[in-house]
Structure formats: C-alpha cells, structure tokens
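The lines below spell out each chain.
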Amino acid sequence: MLKIINVVGARPNFMKVAPIIEAMTRREREFTPLLVHTGQHYDADMSDAFFRDLDLPAPDIHLGVGSAPRDQQIAAVEARFEPVVNTEKPDWVIVVGDVNSTLACARVSKKLGVRVAHVEAGLRSYDPTMPEEANRVETDRIADLLFTPSADADENLRAEGIASERVRLVGNVMIDSLQKHLPQAKASPIREKLALTDDQYAVVTLHRPSNVDEVQSLGRIVGALEEICERTTIVFPVHPRTRKTIAELGFSTRLLGLKNLQMIEPLGYLDFLGLYSGARLVLTDSGGIQEETSVLGIPCLTLRENTERPITVSLGTNKIVGTDTATIVREAFVALDAGLKPAVAIPFWDGHTAERIVNILAQ
Ligand code: UD1
C-alpha cells in the first residue's frame, strides 16, 4: 500500500490533481491518497468552485498560507508542510505544474528524504524573469520522477543532463479533466447568462505579472481590447491580481466604458470551460489555456513573448503574439476571419494520463 500526498495550491493545480486522485481512489488496495491544499489561492471562485466542479474531495490538510511575495509565500508553505510530511510519512509526494506551492513542497520532501514526483515536468519558456520558470527548473532538479506532457519536455530535461530513468512521458493530465467534464461544461448556463451566441465572441484572460503589474504593458493590451471589441463581443473573467492592478494603474474607466466588453468575476472550472469552448477566439497569457484551446480547436493568441508549451504552436491552435497593440489587433482580426480550426490529436493528450502516472507509481 502506497501512501501518497498530493499537493494543490493555486487554481491551475486543481484540474491536474483531480484525475490523479480519482485514479488512485479506483485502486484503493494499492493507494492511500491524501490531499494537501497549501492555501496559495483561497477565494471561493479561485479555489472552492474547483473542488465542487471537479469532484475533488475536501483537502485532508489545509495549510492556509494565503498571498505573500514569492519568497515569503514559498517559505510559509515550507514551514507548514514540513510537519505534515513528518507526521504522515508518505511514500511519495506528488506536485504538479509550476506554482510557488509546487516548488516549496518539492523542497521539503527532498530535505526529509521523501520521494517526489513532478507532474508536468520539463516545460521551459527559457524566460528567467518568470517566477514559474524558476519553479520548474528547481522542481525538476529535485524530483525523483519526472512525468512529462510532451516530447519537447523530455528533450529539455535531457539537455539539462537529467538522467532518462527519471523521466516518463505520460501526456497531459489536464486533458483528462477536460475530456471528462466537457459534456457537463457545455450544459453550463453561462453563455445564455451572458447573452452570447456560439462562435460570435472572444474570451480574454490576463494575470501574468509582466502583463498586468506594469502600466505600459497593460496599456498596450487595453488598447488592443478597445479595437477588437469594435468587431466582436469580448468576455473577460478578471483574475483578482488583475482586478487590483487595473484599478491601481488607472484603466478601470477605459475598460468599463467599452460596451462590447463584459468584465466578470473569475469563473469555476465548468463555467469557464463552457464559456471558452463556445468562443471564436481566445486571448490569454495563461499556460493551461493554450493547451485546452489547442485540444478544442479554438484559435488562441498568447499575449507573451514566449511559451513553455511549444507543442500548442506546432500542433495546436496557438500563436505567440506578444503585447504590441497593433500586432494583437492584426492577429485577432485574422483569427476572427478564419474561425475555428480542426482540433488535432496531440500524442498522449488522450484522457488517460492519470492512469499512466498511477501505473508507473504502482510498479
Ligand atoms: C499564481 C501562479 C501562476 C498561475 C496563477 C493562476 C505562482 C508564481 N504563480 O499566480 O503560475 O498561473 O496562480 O491564477 O505561483 N489573490 C486573491 N485571491 C486568491 C488568490 C490570489 O485575491 O485566491 C490575489 C492576491 O492579491 C495575490 C494576487 O492575487 O497577491 C496574486 O496571487 P498569487 O498566488 O501570488 O499569484 P497569481 O498571480 O495568482
């Protein structure tokens, strides 16, 4: 019997851990999964809604760390996670993605001699200014088992000299959640509630510090949204960090004045999937949304200079456009003219990634 601590901290972790816990629960003779929530995200719509939508069991342990600058947040997670590992003595700690909680819990496990598995290992933007890039590189150095989503990730790890015995290409676990919940999400009343017609609107999400914490970059993006919403309705579920900086940097009046732009609160998993799966275009700086839109064949413009998910560009629907106003507008108009693309199958993004992870752990 393997006792496994699964760690979640922030919004993009929940849909990655849910299928893994489900797969372990199906094999209850072999696995005792525990769920630890660090509390990096704590708002009802950034955390609770995802537990409900994804059928995640309530956390066994909640560390309640809350928001803080990166180093302080990592230190707080480390201090609170250490006694949990000492008490529970798990066989494995599983961390997912690239958020601060991922790195903090990997560090503690390593220090205490507990084996760590990293799900979504090997992704690299090669952009040292991203906190997530620092989290990815260090977590991958620490982890005993590296579960990668795509072959490019294996190549990145090989180039860093990581032994191939530690690396397993298992696919993209987020797609397990997407496939499972798509029918239910399609039935969400969100499109009707916002008076949207399928294929006639765009969705935008923004939360990267480099885009939303700085007046120039946020200004360039706001300028682009002003022009794009002359052609189409835009729905913008606003991340709490972004809501704060839009107000502080003085963009509220401009955005609220756009009659074709609907700024709404962040949505839960099902409503958000229900929303973007009916869109004609998505503009985002999220990592996960580049992957989800690729699988669904929805054109995605990534408002960043790089991506750690190049397969979404080579095989999927993603285009990296940066944050220059004219470029965003031009590419948005091209995408709006072209409409949906045929969804392509990306190798191992097939809804069975959690099964593969659990099979490997059981060996
Ligand atoms: C974090 C992750 C990022 C991920 C994103 C998804 C890191 C380094 N970043 O960024 O990779 O894509 O989550 O959302 O781990 N806040 C609330 N309520 C909450 C959570 C946050 O109001 O429930 C506000 C706080 O003001 C906080 C700010 O948002 O200071 C930023 O939160 P934080 O967790 O530090 O980073 P995110 O920008 O959410």
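Residues numbered from 1 in each chain as written. Predicted model: local features only at pLDDT ≥ 70, side-chain atom pairs only at ≥ 80, totals over all residues. Heavy atoms only, no water.

This part takes up the overall build of the protein chain. Each helix and strand in the protein chain was counted, giving 17 helices and 13 strands. Its C-alpha radius of gyration of 20 Å places the protein chain within 12% of the 21 Å reference for a compact globule of 363 residues. By principal-axis analysis of the C-alpha atoms, the protein chain measures approximately 60 × 40 × 40 Å. Residues classed as buried in the protein chain amount to 59% of the 363 residues present. Partitioning the intrachain contacts of the protein chain with sequence separation of at least 6 by distance along the chain shows that 72% fall at a separation of at least 24. Of the accessible surface of the protein chain, which amounts to about 14,500 Å², a share of 52% is contributed by carbon and sulfur atoms. Between the averaged position of the 39 positive side-chain charges in the protein chain and that of its 49 negative side-chain charges there is a distance of 1 Å. (Helix = DSSP H or I, 4+ residues; strand = E, 2+ residues; numbered from the N terminus. Rg over C-alpha atoms; globule rule 2.2 N^0.38 Å. Buried < 20%, exposed > 50% of the residue type's maximum accessible area, 1.4 Å probe, protein only. Contact = heavy atoms within 4.5 Å. Areas by Shrake-Rupley, 256 points an atom, 1.4 Å probe, with all protein chains shown as cover. Lys, Arg positive; Asp, Glu negative; His and termini not counted. Charge placed at Lys NZ, Arg CZ, Asp CG, Glu CD.)

Okay, helix H1 (residues 11-26) next. Largest kink in H1: about 30 degrees, centred on valine 17, with the proline proline 19 one to four residues after it. Burial in H1 covers these residues: Asn13, Phe14, Met15, Lys16, Val17, Ala18, Pro19, Ile20, Ile21, Ala23 and Met24. (Bend = angle between axes of the 7 residues up to and from the residue.)

This part takes up the sheet that holds strand E13 (residues 318-320). Here we have six strands laid out as an open sheet, ordered E10-E9-E8-E11-E12-E13, and parallel in their pairing. The sheet terminates laterally at strand E10 (261-264) and E13, the two strands that pair on one side only. The mean inter-strand angle of the sheet, taken between neighbouring strand axes irrespective of direction, is 20 degrees. Helix-sheet contacts for helix H16 (residues 325-338) involve strand E11 (281-284), strand E12 (300-302) and E13, and the interaxial angle to E11 is about 155 degrees. (Pairing = 2+ DSSP bridges. Axes fitted to C-alpha atoms, helices over the stretch in contact; angles between N-to-C directions.)

Before going further, it helps to spend a moment on the site of the ligand. Taken together, 19 residues lie around the ligand, and Gln40, His41, Asn100, Glu132 and His207 are the ones closest in. Contact between the ligand and histidine 41: an oxygen atom at 2.8 Å from a side-chain N or O atom of the residue. Between the ligand and the protein, one listed contact pairs an oxygen atom with a side-chain N or O atom of arginine 241 at 3.0 Å. Here the ligand, which alone exposes 730 Å², has 87% of that area covered by the protein. Mapped onto the shell around the ligand, the elements with two or more residues apiece are H1, helix H5 (131-142) and helix H11 (240-248). (Near = heavy atom within 4 Å. Polar contact = N/O pair within 3.5 Å; in protein donor to acceptor, adjacent residues only side chain to side chain.)

Let us look at the packing of helix H13 (residues 269-276) against helix H14 (residues 288-296). Remark: H13 packs on H14, axes separated minimally by 11 Å, with the N-to-C direction vectors making an angle of 55 degrees. Relative to H14, H13 is oriented oblique. For the crossing formed where H13 meets H14, the hand is right-handed. Each of Tyr269, Phe272, Leu273 and Tyr276 in H13 lies in contact with H14, whose residues at this interface are Ile289, Glu292, Thr293 and Leu296. When grouped by side-chain class, the residues that make up the contact of H13 with H14 number six nonpolar, one polar and one charged. (Parallel < 35°, antiparallel > 145°, perpendicular 65-115°, else oblique. Left-handed = near helix turned anticlockwise from the far one by under 90°. Nonpolar A, V, L, I, M, F, W, Y, C, P; charged D, E, K, R; others polar.)

Before going further, it helps to examine unusual backbone geometry. One non-glycine residue, aspartate 55, adopts positive backbone phi at about 55 degrees. Counting through the fold element by element, aspartate 55 comes out in the loop between helix H2 (44-53) and strand E3 (61-62). Although it is not a glycine, glutamate 120 sits at a positive phi angle of roughly 80 degrees. Along the chain, glutamate 120 turns up in the loop between strand E5 (115-119) and H5. Classification of glutamate 120 as buried rests on a relative accessible area of 9%.

Our focus in this paragraph is H2. Every buried residue belonging to H2 is among Met46, Ser47, Ala49, Phe50, Phe51 and Asp53, and all of these are buried. Of the residues one or two after H2, aspartate 55 is the one with positive phi, at around 55 degrees.

Along the chain, the position of arginine 168 falls in strand E7 (residues 167-169). A C-alpha to C-alpha distance of 31 Å links arginine 168 and arginine 52, two positions 116 residues apart in sequence. Residue contacts for arginine 168: discarding those within four places in its chain leaves Leu145, Leu146, Phe147, Thr148, Ile360 and Gln363.

Take the nonpolar core next. The nonpolar side chains of a soluble globular protein tend to be buried, and buried together. In this structure, Ile20, Phe147, Leu275 and Leu361 are the most contacted members of the largest nonpolar core, which totals 58 residues. In terms of residue count, the dominant contributor to this core is H1 (eight residues). Sequence-distant contacts of phenylalanine 147, defined by excluding residues within four places in its chain, comprise Ala117, His118, Val119, Glu120, Ala121, Arg168, Val170, Ile357, Ile360 and Leu361. By size, the runner-up hydrophobic cluster in this structure holds 29 residues, among which are Val204, Val212, Leu218 and Leu283. (Core = buried A, V, L, I, M, F, W, Y, C linked by side-chain atoms within 4.5 Å.)

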